[in-house]
Amino acid sequence: MTILEVRKLNKKFRTDFYKRPTQALKDVSFSIERGRFVGFIGPNGAGKSTTIKCLLELIFADSGEVLFFGEKFNLRHKAKIGFLPERPFFQEFLTGQEFLKLHWDLAQMPRKDFPKRVEEVLQLVKLAHAKDKKLKEYSKGMLQRIGIAQALICAPEFLILDEPMSGLDPDGRILIKQILRALKEQKTTVLMSTHLLEDVEEFCDDLLVIHSGVLEYSGEVKGLQKNY
Ligand code: ADP
Ligand code: ADP
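Numbering of residues starts from 1 in each chain and follows the order in which that chain's sequence is written. To label them, take the chains in the order written and letter them from A, then take the ligands in the order written and number them from 1. Given that the model is predicted, a residue must reach a pLDDT of at least 70 before its local features are reported, and side-chain atom pairs must reach 80 or more before they are shown or counted; all residues, however, enter totals for whole chains, interfaces and linings. To get the side-chain values, take all heavy atoms of the structure and skip hydrogens and water.

**Quick word on the overall build of the chain**
Heads up, the rule is: Labels follow the DSSP assignment, with helices taken as runs of H or I lasting at least four residues and strands as runs of E lasting at least two, numbered in each case from the N terminus. Atoms counted for the radius of gyration: C-alpha only. Globule rule: 2.2 Å times the number of residues to the power 0.38. Relative accessibility under 20% of the residue-type maximum defines a buried residue, over 50% an exposed one, and the middle range a partly exposed one, all with a 1.4 Å probe and only protein chains included. Using a 1.4 Å probe, accessible areas were evaluated by the Shrake-Rupley method; residue-level cover was limited to the displayed protein chains. Counting rule for charge: Lys and Arg are taken as positive, Asp and Glu as negative, and neither His nor the chain ends is counted. Working definition for charges: the position is that of NZ of Lys, CZ of Arg, CG of Asp or CD of Glu.
A tally of helices and strands in the chain yields eight helices and nine strands. Relative to its length of 228 residues, the chain is compact, with a C-alpha radius of gyration of 18 Å against a globular reference of 17 Å. The dimensions of the chain, computed from C-alpha atoms along their principal axes, are 50 × 40 × 35 Å. For the chain, the proportion of its 228 residues judged to be buried stands at 48%. Here the chain displays about 12,100 Å² of accessible surface, and carbon together with sulfur accounts for 52% of that area. Taken together, the 36 basic and 31 acidic charged side chains of the chain have centroids lying 2 Å from each other.

Spelled out as structure tokens, the structure:
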């Protein structure tokens, strides 16, 4: 089953009237099948975040088509798609658990199911001990993990992680990798952007390689190793 189908996305940014606009995305097309762990790699400025923002309609593409589960993005998809933004907004006076409850409520999930689900997710991201601490007391690594917990809280069918390893020290990265390993075992469908190939080698079935807004490879990791 196809989870995501992207056809010919184009996006230009105009920063200055007198300059030519930057073409951030040029005819980007790909699809993602259920159960696949897909790495989205390319150097900084290649167009990864722009693609992800266009998928979720946080910004609008100039042209192209995006289908989740065979339909255009709509409100019902909010609970089915988990998203870790590159720079998530953390309400620092909320506790970890209150932060997750906020996202649960925003997705209009049933209140009664929250206590069980929040425990599962806190276990997975190793923050059970810190659930009643305020986010302003969290370290960078803890914030990144509560950000992933936020993306997972509604048990999404599809998870989009934008640079989940960025800015973390080696210990922080090890903890994120443990979470990714668990997601892979559960056969969660994942799209994960990163600028480091080493971050995807262990987890990814498929790869999307983007460079200057052009998708240069889309297929199995194995195929890429043969071609390069
Ligand atoms: P990334 O690491 O994904 O490239 P940036 O730090 O470039 O992210 O971007 C941070 C924010 O600024 C994003 O919301 C992005 O859309 C916006 N942005 C990125 N590049 C530019 C630019 N050249 N001019 C204006 N805004 C930008
Ligand atoms: P990546 O996520 O791969 O690092 P981005 O998608 O953030 O790359 O950026 C792709 C290109 O689009 C870059 O040249 C960036 O500067 C530009 N860009 C991104 N967001 C904006 C924005 N809001 N305004 C102007 N330019 C932008």
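Let's pick the thread back up.
**Concerning the packing of helix 3 (residues 96–106) against helix 4 (residues 114–124)**
Basically, it comes down to this: Fitted lines through C-alpha atoms give the axes, limited to the stretch in contact for helices. The angle between two N-to-C directions lies from 0 to 180 degrees. Roughly parallel covers angles under 35 degrees, roughly antiparallel covers those over 145, roughly perpendicular covers 65 to 115, and oblique covers all other angles. Each crossing gets its handedness from the near helix: less than a right angle anticlockwise from the far helix is left-handed, clockwise is right-handed. Any two residues having at least one pair of non-hydrogen atoms within 4.5 Å are treated as being in contact. When residues are sorted by character, Ala, Val, Leu, Ile, Met, Phe, Trp, Tyr, Cys and Pro go into the nonpolar class, Asp, Glu, Lys and Arg into the charged class, and all the rest, Gly among them, into the polar class.
Between helix 3 and helix 4, the least distance of the axes is 11 Å, while the angle of their chain directions is 125°. As summarised for this structure, helix 3 and helix 4 are arranged oblique, according to the angle between their axes. Crossing geometry of helix 3 relative to helix 4 is assigned as right-handed. Contacts from Gln97, Leu100, Lys101 and Trp104 of helix 3 reach helix 4 at Phe114, Arg117, Val118, Glu119 and Leu122. Among the residues making up the contact of helix 3 with helix 4, the classes are represented as five nonpolar, one polar and three charged.

**A closer look at the pattern of salt bridges**
Note the following rule: By convention in these notes, a salt bridge is any Lys or Arg side-chain nitrogen within 4 Å of a carboxyl oxygen on Asp or Glu.
Applying the stated rule across the entire model yields 16 salt bridges. Between Glu5 and Arg7 there is a salt bridge whose closest N-O contact spans 3.7 Å. By relative accessible area, which is 37% here, Arg7 ends up partly exposed. Here Asp199 ties to Arg173 by a salt bridge, and the two come within 3.2 Å at their closest N and O atoms. Remark: Arg173 occurs in helix 6 (residues 170–185) and Asp199 occurs in helix 7 (residues 197–201); sequence separation between them is 26 residues. Look at the salt bridges and you will find they share partners, linking Glu5, Arg7 and Glu65 into a network.

**Some thoughts on the site of ligand 1**
Put simply, the test is: In these notes, residues near a molecule or strand are those with any non-hydrogen atom within 4 Å of it. Here a polar contact means two N or O atoms within 3.5 Å. Within protein one must be a hydrogen donor candidate and the other an acceptor candidate, and residues neighboring in sequence count only if both atoms are side-chain atoms.
The environment of ligand 1 is formed by Thr15, Ser49, Lys53, Glu86 and Arg87. Between Glu86 and ligand 1, the recorded distance is 2.7 Å, taken from a side-chain N or O atom to an oxygen atom. Surface burial for ligand 1 is 33%, taken as the share of its 540 Å² of free accessible area covered by protein chains.

**Examining the pairing of strand 5 (residues 81–84)**
For a regular strand, side-chain orientation follows a simple rule: the groups alternate between the two sheet faces. Threshold: Should DSSP find at least two bridges between two strands, the strands are regarded as paired.
The side-chain alternation of strand 5 yields two buried faces, one formed by Ile81 and Phe83 and the other by Gly82 and Leu84. As judged from the four bridges shared by strand 5 and strand 6 (residues 158–162), these two strands associate in the parallel manner. Paired with Phe83 across the bridge in strand 6 is Ile160.

**Concerning the sheet that holds strand 2 (residues 22–33)**
For sheets, the rule is that strands pair by backbone hydrogen bonds, running either parallel or antiparallel. Taking strand neighbours across the sheet as the criterion, the three strands line up as 2-1-4 in an open arrangement whose pairing is antiparallel. Pairing within the sheet leaves two strands with one partner each, and these edge strands are strand 2 and strand 4 (63–68). When strand polarity is set aside, the average angle formed by the axes of neighbouring strands in this sheet is 15°.

**Some remarks on the layout of surface pockets**
Note the threshold: Using only the protein atoms, space was sampled on a 1 Å grid; points where a 1.4 Å probe fits but cannot get out form cavities, open sets with protein on both sides within 12 Å along at least five of seven lines form pockets, and lining residues are those with an atom within 4 Å of a point. Grid points are joined across faces, edges and corners, and a volume is the space filled by probe spheres set on the points.
Considering only enclosed or pocket space, the largest pocket measures out at about 750 Å³ in volume. Along the wall of the largest pocket there are 29 residues; nearest its centre are Lys78, Phe83, Pro85, His103 and Gln150. Elements with a contribution of two residues or more to the lining of the largest pocket: helix 1 (48–55), helix 2 (77–80), strand 5, helix 3 and helix 5 (140–152). At four residues, the largest contribution of residues to the lining of the largest pocket is made by helix 3. Its residues assigned to classes, the lining of the largest pocket shows 18 nonpolar, six polar and five charged.

**So, the pairing of strand 6**
The element strand 6 is extensively covered by neighbouring structure, given that five of its five residues are classed as buried. A two-sided burial pattern is seen for strand 6, the buried positions comprising Phe158, Ile160 and Asp162 on one face and Leu159 and Leu161 on the other. Across five bridges, the pairing between strand 6 and strand 7 (residues 189–194) is parallel. Its bridge partner being in strand 7, Asp162 is matched across the sheet by Ser193.

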